[in-house]
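Now for the letters of each chain:
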Amino acid sequence: MAEAADFQGTSPSPARRWLRRSTALLAGAPLLAGLVQLPAAGPAHADEPSSPKAAGDSGSVTVAVDSLTPSAPTDGDTVTVSGTVTNKGEQTVTDAHVGLRVGPEVHTRSSVDRIAKDGDDLQGTIAPEIDDKYTDKFAKLAPGVAEHFNISVPVDDLPLGEDGVYEFAVSLSGETSAQPWEQILGIQRTFLPWQPDAAGTKTRTTALWPLVSTTHMAAETGPNEEQTPVFLNDDLAKEISPGGRLNQMVTLGKDLDVTWVVDPDLLASVDAMTGSYRVRDGDKTVAGTHQAVAKQWLADLQDAVADEEVVALPFADPDLASLAHNGTDVTGSLNQLKSATDVIDYTVPPILHVKPNTDFAWPVDGAVDRSIVKVATSAGADKVIVRSDSLEEGDGLSYTPSAARPIGGGTTAVVSDARLSTAFEGDLTKASASTLAVQRFLAQSLALGLQTGKQRSIVIAPQRMPTGSQARAMAEALRTLQDGTWSEPQKLAAASAAKPDPDATTRVPGTSSYPSALRKKELPRSAFVQTARTQDTLDNFKVVLSDPSRVVTPFGRALNREMSASWRGRAAEAQSFRAGVKKYLDGLTGRVRLIDKSETKLSGRSATIPVTVQNNLVQDVGPLVLRLTSTNPTRLEIDGADYEEQPISVSGGHSQSVKFTTSANANGRATVIAQLYTMDGRKYGEPVTFDVKVTEITATVMLVIGGGVLLLVLAGFRMYTQRKRAAARDAAKAESGDADGPDDTEADPDDPEGTDEHLDEESDARPGAGEAEQPSDPTPDTAAESADPSGTGERVDR
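Anyway, here's the lowdown on the structure attached to this text. Keep in mind the model is a prediction, meaning the values are calculated, not measured. (Residues numbered from 1 in each chain as written. Predicted model: local features only at pLDDT ≥ 70, side-chain atom pairs only at ≥ 80, totals over all residues. Heavy atoms only, no water.)

Before going further, it helps to spend a moment on the environment of Ile372. Note on placement: Ile372 falls in helix α10 (residues 370-376). Overall, Ile372 belongs to the buried group, its relative accessible area being 0%. Taking the C-alpha atoms as reference points, Ile372 and Ser322, separated by 50 residues in sequence, lie 8.6 Å from one another. Those residues within four positions of Ile372 in sequence are excluded, and the remaining contacts are Leu320, Ala321, Ala324, His325, Pro363, Ala367 and Tyr514. (Helix = DSSP H or I, 4+ residues; strand = E, 2+ residues; numbered from the N terminus. Buried < 20%, exposed > 50% of the residue type's maximum accessible area, 1.4 Å probe, protein only. Contact = heavy atoms within 4.5 Å.)

This is how it looks when you write it as structure tokens:
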């Protein structure tokens with residue numbers, strides 16, 4: 001970005017301060033004229049004690065500025081600098097001292113970048129020390145030894161002129177045995193913002209304060225009425241505990257005038273921790289124990305955001321760029337973004353007790369192209385937070401324009417300043433790194449404010465998940481800025497509504513301009529395909545449940561989490577999470593299933609075949625449709641057709657059987673398929689396939705049976721006639737009065753042995769004599785109905 005070399009619209013200083021500064025400039029002119037250029041090492045320059053040259057072994061001592069207070073001094077302040085100097089060389093440094101150096105005014109933002117980049121370079125221009133009395137001296141500095149220094153100097157003794165940014169350096173000078181003359185052995189440059197009086201036109205600055213984390217909750221919930229949530233690990237408890245990252249974000253943010261940007265998933269996760277919850281521990285789960293910590297964090301957050309501006313991202317902070325580049329052609333992916341936006345109203349207000357602004361979309365690192373803008377606004381947002389290194393200005397603009405830009409279609413790009421937004425990235429665990437970051441941030445802010453007298457609105461959008469040390473540095477810089485003289489806080493909504501600069505660019509780059517480093521970390525297309533398949537399974541499952549909310553809510557939020565921007569750079573973890581969600585859902589759907597059946601025997605022309613549905617869920621399912629289909633209807637028909645369907649509902653924890661009427665047309669095996677369907681005709685679960693063996697009664701068998709019956713009838717008729725003759729003879733005897741005489745009955749020529757009477761005796765002696773016997777009654781084919789799987793050779797009811 002091009003920048004102005006001069007500062008327009010700078011407010012004039014009071015006459016008294018102007019006179020004092022003029023005197024200081026005149027007094028310091030000889031010093032400024034004696035700035036050291038690229039040095040030529042040697043003793044010939046030893047007569048210039050005010051500005052010793054860097055020696056050949058320059059850089060053998062490191063200078064760390066751990067603290068510089070105040071960061072932006074004003075009239076009457078005393079500047080205190082403290083830190084350490086460490087001898088990294090092999091020779092002892094003698095007659096050493098730490099001194100302060102104030103360089104010339106830095107006129108452009110790019111110059112600030114250049115000086116910060118070469119902050120410890122001894123080969124560049126080095127200003128003279130301000131005064132010998134503002135030093136910290138050491139008799140010697142042994143190799144590997146670190147010494148602490150602390151120097152205080154009244155700001156009136158610093159050669160500061162007009163309002164602006166000044167280079168401020170701390171150096172270590174001394175001698176070595178190899179080069180026994182005073183030389184600069186180490187230096188650290190930083191910046192001193194100088195504007196003691198309030199600016200005539202202050203820069204309106206919006207700082208975003210993000211509360212975003214990674215995914216912590218699983219799709220799994222307990223089977224109890226409360227649906228006890230399950231967490232993937234205990235990391236969230238560490239983040240919200242005292243000293244944790246998110247705990248620090250809330251503690252620091254409550255004292256700042258910032259715009260809070262929250263992920264509803266984080267709020268929902270912490271809210272779930274306030275009650276009973278469980279945490280995965282290998283293959284089992286254990287009871288969570290951080291309820292008090294969660295309640296305290298939420299209470300602190302509610303207090304911090306009261307009456308403050310809160311912007312809510314879609315649930316789980318979806319990766320808009322990944323969706324735009326890899327997911328839009330996958331059916332249902334955009335619906336996931338819509339659902340993640342819709343759930344905001346059911347998450348943020350009940351927990352924070354504030355109504356959030358949902359008009360803003362925030363792609364990763366503020367990097368956009370036309371496809372990202374299209375996706376970002378598809379769920380209702382009409383403002384996109386972009387970073388200035390993505391929406392770059394042309395060379396014709398010599399200042400940083402206001403953030404708001406109309407980019408067409410009723411969409412506003414809110415362009416954050418790249419230099420200010422990235423000022424606190426990297427490792428800031430060391431005090432020196434944090435101090436340098438704060439001073440550079442303030443220098444950039446003041447340099448921006450002095451570019452022009454126009455009123456401008458600037459937005460700072462830092463990294464989504466700053467570490468604790470990064471958050472502390474951010475808070476220190478923003479606190480100084482908000483208490484300073486050249487900037488005033490502004491809410492994000494106001495910044496987006498500010499009058500756009502007519503000269504600022506509004507051209508959104510094409511897809512090819514998206515940074516390759518960011519593209520490599522995007523969610524792949526396969527991730528969106530897997531999410532879509534899981535959503536299909538969920539849609540198929542929920543329609544059969546009596547209480548679908550028990551699965552729709554936890555799995556719906558889990559699917560939102562699958563698209564989170566927090567998975568960037570963690571491809572393996574993302575894949576594992578998606579697989580875990582799908583596996584758990586498949587396990588639930590599999591609890592409603594058909595019981596397997598073995599081969600079934602059908603003796604006769606018709607019979608009923610039972611099919612059992614088992615429900616191992618805690619809630620009722622149904623209505624479902626159970627279809628039984630014959631693959632060979634010429635041999636076996638189901639209710640006179642190829643198939644029959646019957647509705648079925650099953651109570652939680654129970655099984656239910658359905659009987660189908662079948663008819664056989666020929667002997668042999670026929671394959672039958674049982675399949676569950678939802679009421680809208682979609683298959684549910686896996687089918688059950690089994691064989692039916694038909695053994696129809698033949699005509700020959702019927703002939704044999706008929707012959708046997710005929711023989712029985714003839715035998716009975718013969719017995720009847722024989723008994724009738726015997727009865728007649730007995731009657732004749734009685735009439736002749738010879739009943740008591742000798743037995744002179746003539747032998748029946750057909751029964752010479754008298755077997756008729758014997759037969760009668762045998763007949764009377766048979767078990768069950770006199771009862772009706774029906775040997776042709778069929779024996780029942782099956783035992784009482786059971787929900788257990790059928791055994792080999794199972795028969796069916798006829």
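That covers the picture; the talk isn't over yet.
A word on the pairing of strand β7 (residues 183-194). With twelve of twelve residues buried, β7 is to be regarded as a mostly interior element. Here eleven bridges tie strand β6 (residues 164-175) to β7, and the two strands are oriented antiparallel to one another. Bridge pairing in β7 links Gly164 to Trp194. (Pairing = 2+ DSSP bridges.)

Read across the open sheet, the three strands follow the order β1-β2-β5; overall the sheet is antiparallel. A strand with exactly one partner marks an edge of an open sheet, and here the two such strands are β1 (61-69) and β5 (146-154). Strand-to-strand twist in this sheet, taken as the mean axis angle between neighbours without regard to direction, amounts to 20°. In this structure, strand β2 (residues 78-87) lies alongside β5, joined through nine bridges in antiparallel fashion. Along β5, the bridge assignment pairs Thr78 with Pro154. (Axes fitted to C-alpha atoms, helices over the stretch in contact; angles between N-to-C directions.)

Our focus in this paragraph is the packing of aromatic side chains. In total, this model carries five aromatic pairs according to the counting rule given. Centre to centre, the rings of Phe424 and Phe441 are 5.2 Å apart; their planes meet at 40°, and the pair counts as tilted. Highlighted residues: Phe424 in the loop between α11 (418-421) and α12 (431-449) and Phe441 in helix α12, separated in sequence by 17 residues. Judged on exposure class, the residue Phe424 and its partner Phe441 are both buried. With centroids separated by 5.5 Å and ring planes inclined at 35°, the aromatic side chains of Trp567 and Phe577 adopt a geometry described as tilted. Pair noted here: Trp567 is in the loop between α17 (549-562) and α18 (571-589) and Phe577 is in helix α18, with a separation of ten residues, a long-range link. Of the two residues, Trp567 and Phe577, both sit in the buried class. Above the plane of the ring of Tyr643 lies Arg627, whose end atom (NZ or CZ) is 4.7 Å from the centre. (Phe/Tyr/Trp six-rings, centres within 6.5 Å; stacked < 30°, edge-to-face > 60°. Lys NZ or Arg CZ within 6 Å of the ring centre and 35° of its normal.)

Quick look at the environment of Val261 now. Structurally, Val261 can be placed in strand β11 (residues 259-262). As for Val261 and Leu211, which are separated by 50 residues in sequence, their C-alpha atoms are 6.0 Å apart. In contact with Val261, other than residues within four places in its own chain, are Leu208, Trp209, Pro210, Leu211, Val212, Val311, Leu313 and Trp362.

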